[in-house]
Every structure is written in C-alpha cells, then in structure tokens.
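# Structure assessment
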Amino acid sequence: MIRLLLALAVTVALGLASRLYPTGWFLWDRVLGEVLYAVAAYIAWGMLFIRKSPLFLAAIAFASCLAVELFKLTGIPAENHHVFLVRWFWGMTFSVVNLGYYLTGVILAALADRATRGSKPSEKGTPPALQGA
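Here the structure is a predicted model, which means the values were calculated and not measured.

Conventions we followed
- Residues numbered from 1 in each chain as written.
- Predicted model: local features only at pLDDT ≥ 70, side-chain atom pairs only at ≥ 80, totals over all residues.
- Heavy atoms only, no water.
- Helix = DSSP H or I, 4+ residues; strand = E, 2+ residues; numbered from the N terminus.
- Expected span 1.5 Å × (residues − 1).
- Buried < 20%, exposed > 50% of the residue type's maximum accessible area, 1.4 Å probe, protein only.
- Arc of directions from axis to C-beta.
- Contact = heavy atoms within 4.5 Å.
- Patch = residues over 30% accessible without salt bridge, like charges linked within 9 Å, V, L, I, M, F, W, Y side chains within 5 Å.
- Areas by Shrake-Rupley, 256 points an atom, 1.4 Å probe, with all protein chains shown as cover.
- Salt bridge = Lys/Arg side-chain N within 4 Å of Asp/Glu carboxyl O.
- Axes fitted to C-alpha atoms, helices over the stretch in contact; angles between N-to-C directions.
- Parallel < 35°, antiparallel > 145°, perpendicular 65-115°, else oblique.
- Left-handed = near helix turned anticlockwise from the far one by under 90°.

## Notes on helix α6 (residues 96-116)
Between its first and last C-alpha, α6 extends 31 Å over 21 residues, near the 30 Å set by a 1.5 Å rise per residue. Within α6 the residues assigned to the buried category are N98, L99, Y101, Y102, G105, V106, A109, A110 and D113. Along the axis of α6, the buried residues cluster in a sector spanning 170 degrees; they form a single face. Facing away from the buried surface of α6 by more than 90 degrees, the exposed residues are V96, L111, R114 and A115. Contact partners of the buried residues in α6: α2 (26-48) and α3 (54-71).

## Quick look at a nonpolar patch on the surface
A cluster of nonpolar residues, V12, L16, L20, Y21, V83, F84, L85 and W88, forms a patch on the protein surface that exposes about 780 Å² of accessible area. Secondary structure elements with two or more residues in the nonpolar patch: α1 (2-20) and α5 (84-90). Within the secondary structure, V83 sits in the loop between α4 (76-79) and α5.

## Remarks on the packing of α2 against α6
Interaxial distance between α2 and α6 falls to 7 Å at its minimum, and their mutual angle equals 55 degrees. Classified by the interaxial angle, the pair formed by α2 and α6 is oblique. When the axes of α2 and α6 are compared, the crossing they make is right-handed. Mapping the contact onto sequence places F26, R30, V31, E34, V35, Y37, A38, V39 and Y42 in α2 and N98, Y101, Y102, T104, G105, V106, L108, A109, A110 and D113 in α6.

The following block contains the structure:
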C-alpha cells in the first residue's frame, strides 16, 4: 500500500507540475496532465480494490474519468471555477479529446500494473492444484 501511495503522490505532483510550470511543449503543457489524471484514478481505484485485475481497474478508472468529463457538460464546474478544488480536480470545460488522453492513461497504468504484478512468494514451487488453497 505504501508503494501505491508513493506512486499516487508522484503522479499527482507530476501532473500539477505540468500545469503550474508550462514549458511551451504541447506534450508537457497539455497532454501529460490529462494522462496522469487517468493514471491517478487508476491508482486510487487500485488502492480500494487491491485484488482486482488490471482490466477491471482500467475500466472503472476510465468510467470515472468519463463521468467527470460528462459532468462538465452540466455547467456546474464552470459556475464554480473560483473554488480551487473544482478548478483543479474536475476542470471546467468538456473536451472530447481528453477522453483519448484518459484512455491512454488507464491503458498505460494497466500495462504497468500487469507487468509489475508477480506471483505470491508462498506459491512458488507449489503445484497449481494447491495454489490458493
């Protein structure tokens, strides 16, 4: 769980840095923050559902990002742009392009998750029929 908290902190810090310190480079200024928003959603859901598959976590993280993006269509976030958390957490205007960035983020997070998940140390050398027993 500590590794997930650290990963979430680094992800959020990088995402905020891409917004607070623009460089003029499109990938840093625009794309990275959106991709990392989805990665942060993936990690947050992963902390809640620690034993779920990367596919499940990717689906629920993307659904969350989609819900936030669709919520912007109500106009409520734009009306409350003066509230710091609304502006930074939800954003203010809908962008269909962001959905592609979110999909990219959850796919990358799921691939990284799948690549770093190992078998349990106690199951090494245990016949498949006895694993999980």
